Amino acid sequence: MELPVLNEAPEAKSGCSSGSCGSTDDQIGQLPDAIREKVQNHPCYSEDAHHYFARMHVAVAPACNIQCHYCNRKYDCANESRPGVVSELLTPDQAVKKTMAVAANIPQMTVLGIAGPGDPLANPERTFETFRQLSKDAPDIKLCVSTNGLALPDAVEELSKHNIDHVTITINTVDPEIGAKIYPWIFWNNRRIKGVKGAKILIEQQQKGLEMLIAKGILVKVNSVMIPGVNDQHLAEVSKIVKAKGAFLHNVMPLIAEAEHGTFYGVMGQRGPSAEELQELQDQCAGDMNMMRHCRQCRADAVGMLGEDRGDEFTLDKIEDMDIDYQAAMEKRKLVHDAIAEEMNTKRAEKTEHMEKLNNQPPLLTRPVLMAIASSGQGIINMHFGHAKEFLVYEASSAGVRFISHRKADQYCGGDTTCGETESVLMRTIRSLDGCEAVLCSKIGYEPWEQLEQAGIEPNGEHAMEPIEEAVMAVYREMAEAGKLDAEDSMQRANA
Ligand code: CLF
Ligand code: SF4
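Nothing here was measured: the structure is a model prediction, and the numbers come from that model.

Rules used in this analysis
Residues numbered from 1 in each chain as written. Chains lettered and ligands numbered in written order. Predicted model: local features only at pLDDT ≥ 70, side-chain atom pairs only at ≥ 80, totals over all residues. Heavy atoms only, no water. Helix = DSSP H or I, 4+ residues; strand = E, 2+ residues; numbered from the N terminus. Buried < 20%, exposed > 50% of the residue type's maximum accessible area, 1.4 Å probe, protein only. Contact = heavy atoms within 4.5 Å. Areas by Shrake-Rupley, 256 points an atom, 1.4 Å probe, with all protein chains shown as cover. Phe/Tyr/Trp six-rings, centres within 6.5 Å; stacked < 30°, edge-to-face > 60°. Lys NZ or Arg CZ within 6 Å of the ring centre and 35° of its normal. Polar contact = N/O pair within 3.5 Å; in protein donor to acceptor, adjacent residues only side chain to side chain. 1 Å grid on protein atoms, 1.4 Å probe; cavity = no way out; pocket = protein on both sides within 12 Å on 5 of 7 lines; lining within 4 Å. Points joined across faces, edges and corners; volume = space filled by probe spheres on them. Nonpolar A, V, L, I, M, F, W, Y, C, P; charged D, E, K, R; others polar. Core = buried A, V, L, I, M, F, W, Y, C linked by side-chain atoms within 4.5 Å. Expected span 1.5 Å × (residues − 1). Near = heavy atom within 4 Å. Sits in = over half its atoms within 2 Å of the grid points. Pairing = 2+ DSSP bridges. Axes fitted to C-alpha atoms, helices over the stretch in contact; angles between N-to-C directions.

Here we take up the overall build of the protein. A tally of regular secondary structure across the protein gives 16 helices and 15 strands. By the burial criterion, 56% of the 496 residues in the protein qualify as buried. In the protein, the proportion of contacts linking residues at least 24 apart, taken out of those at least 6 apart, comes to 74%. Of the roughly 21,300 Å² of accessible surface on the protein, a fraction of 49% belongs to carbon and sulfur atoms.

Rendered as structure tokens:
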């Protein structure tokens, strides 16, 4: 079938500006060398890097100096962690030992972050002692910290002394009236300050800290928790302001509020955003800002690639028995990092060439389509549908392919012989793919194939081991050729 063509490409639905993939790594390709060097192997600051490099957190910071309505202090700081998770608290010495053990055993681990379980800068001695030791003993590890910002201005000088190039500030609002609906109180100058007054001080400290970090040349990522009905209409404004001040990346995360977590919002029934609402807001902000869409809301003691947790391999009793020669580990790590950098460069060049070819083809007169991908990393489709714990969601449109988000799934398949037997888990997985019209994986069993088709999602195992963007574009073109992406079809789906 002949494809309908346009004389000019229609405007992309989103902030995709490059005409090909509007992802963060494309923007990173255009950065000045000094900044590119800082982000190219940081899995949070570069979407591309998160397929190859790992991060770890050490939970050394128990105290917090504010209260957020989405937090219960029994659990890790919800500004960078999935709510409802408890981490094992470490001393700085234990944290250093654990970091070096992980670095020696997982050479892809490039970043050590401190993100809780409370606020790292409300525990300055423990946080800075950990950073001090690591910047001396393990200089090849990037150091990263996440904070609510209240104590940030007082910490900037110290942060800049320890080779800390990356700081995350959680900024949920720049309006004290909205702030009072998120933060019931802050602890400031030995006093508890409530309501608008407390929120105003917090906001001022966050903005001052942001400006001071930028002045020191430290990269700043801003996290915001999207709370429908509270700050959802306001976060695009926050994005504009933090970008104007020099923040590098904005990570809008969904509120997760469950009654069983015992948080104020959870108990009050405050809802979190749907996947569509989150994407809409991220797209709205993307006009002004680099957006992070691959955040996995890690725990305060996370270890491994984003979305993976290898913490059990590095418990205190296990690392006690490990004998680490860090000099030898550093040499091995360098070889691994160089090999990954070479692979990434080759893949990036291939992708650019491939996308240029596609962009030279006549643009399609078709609507955008979402596809779910089963991948364990390296940017390729390499996972069995039933083994996937999460799916990466990409959007294909006439403007190219872009990464949208990830969706958590229950892994329902215990192995080839049991594939597809646990139906209710399968149905939950399929529900998590709501809005996607195709799922691309390396292999898929008969039963999930049928169930996906019944749910209106095309299963596709024909692109195993292929680069994700290329496969998504190929399937998009096939769907367009088959007439599945025209305007009429779009109306039917909307009405279904
Ligand atoms: Fe950790 Fe955060 Fe540093 Fe990354 S996590 S302190 S910037 S090294 Fe990353 Fe995890 Fe999302 Fe955080 S995926 S929760 S953004
Ligand atoms: Fe909880 Fe983090 Fe907020 Fe402190 S800053 S109250 S630890 S979510």
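This model, assessed by the stated rule, comprises five aromatic pairs. Between phenylalanine 264 and tyrosine 265 the ring centres are 6.2 Å apart and the planes differ by 50 degrees, which places this aromatic pair in the tilted class. Its relative accessible area of 43% is what places phenylalanine 264 among the partly exposed residues. Of the residues examined, tyrosine 265 reaches a relative accessible area of 4% and is grouped as buried. When the ring centre of tryptophan 185 is taken as reference, the NZ or CZ atom of arginine 192 above it lies at 3.9 Å.

Below, the discussion takes up the environment of lysine 221. Position of lysine 221 relative to the elements: it lies in strand 8 (residues 219-226). Given a relative accessible area of 3%, lysine 221 falls into the buried group. Put simply, lysine 221 and tyrosine 45 are 176 residues apart on the chain and 7.9 Å apart in space, counted from C-alpha to C-alpha. In this structure lysine 221 touches Cys44, Tyr45, Glu80, Val167, Thr168, Ile169, Leu249, Asn251 and Met292, once residues within four positions along its chain are discounted. Polar side-chain contacts of lysine 221 include one of 2.9 Å to the side chain of asparagine 223.

The next thing to look at is empty space enclosed by the protein. Gaps left between atoms are located by rolling a probe of water-molecule size over the structure's atoms. Taken as a whole and assessed by the stated rule, the structure comprises four cavities of 30 Å³ or more. Considering only enclosed or pocket space, the largest cavity measures out at about 190 Å³ in volume. Around the largest cavity, the lining comprises 23 residues; the ones closest to its centre are Cys44, His57, Glu80, Cys144 and Lys221. Those elements giving two or more residues to the lining of the largest cavity turn out to be strand 1 (54-57), strand 3 (109-114), strand 4 (142-147) and strand 8. Across the lining of the largest cavity, the residue classes tally to eleven nonpolar, eight polar and four charged.

Formed by 58 residues in total, the largest nonpolar core has its most connected members in Leu112, Leu159 and Leu213. Among the elements that make up this core, the one with the highest residue count is helix 3 (residues 92-105) (seven residues). Residue contacts for leucine 112: discarding those within four places in its chain leaves Met56, His57, Val58, Thr99, Phe131, Leu134, Ile141, Lys142, Leu143 and Cys144.

Turning our eyes to something else, we now look at helix 10 (residues 275-286). If you check helix 10, its first and last C-alpha atoms are 16 Å apart, about what twelve residues at 1.5 Å a residue would give, namely 16 Å. What helix 10 keeps buried is the set Leu278, Gln279, Leu281, Gln282, Asp283, Cys285 and Ala286. Packing partners of the buried residues in helix 10 comprise strand 8, helix 8 (235-245), strand 9 (249-254), strand 11 (369-373), strand 12 (390-397) and strand 13 (400-408).

Contacts to ligand 1 come from 15 residues, most closely from Cys44, His57, Glu80, Cys144 and Cys298. When atoms are counted within 2 Å of each cavity's grid points, the one that captures over half of ligand 1 is the largest cavity.

The local shell around ligand 2 holds 13 residues, among which Cys64, Cys68, Cys71, Cys77 and Ala78 are the closest. Tallied by class, residues from the shell around ligand 2 come to eight nonpolar, four polar and one charged.

Bringing the sheet that holds strand 15 (residues 458-460) into the picture now. In spatial order, the strands read 13-12-11-14-15; together these five strands make up an open sheet with mixed pairing. Each having just a single partner strand, strand 13 and strand 15 make up the two edges of the open sheet. Averaged over all pairs of adjacent strands, the angle between their axes in this sheet comes to 25 degrees, without regard to strand direction. Pairing analysis gives five bridges linking strand 11 to strand 12, with the strands arranged antiparallel. Counted as the bridge partner of alanine 372 is valine 393 from strand 12.

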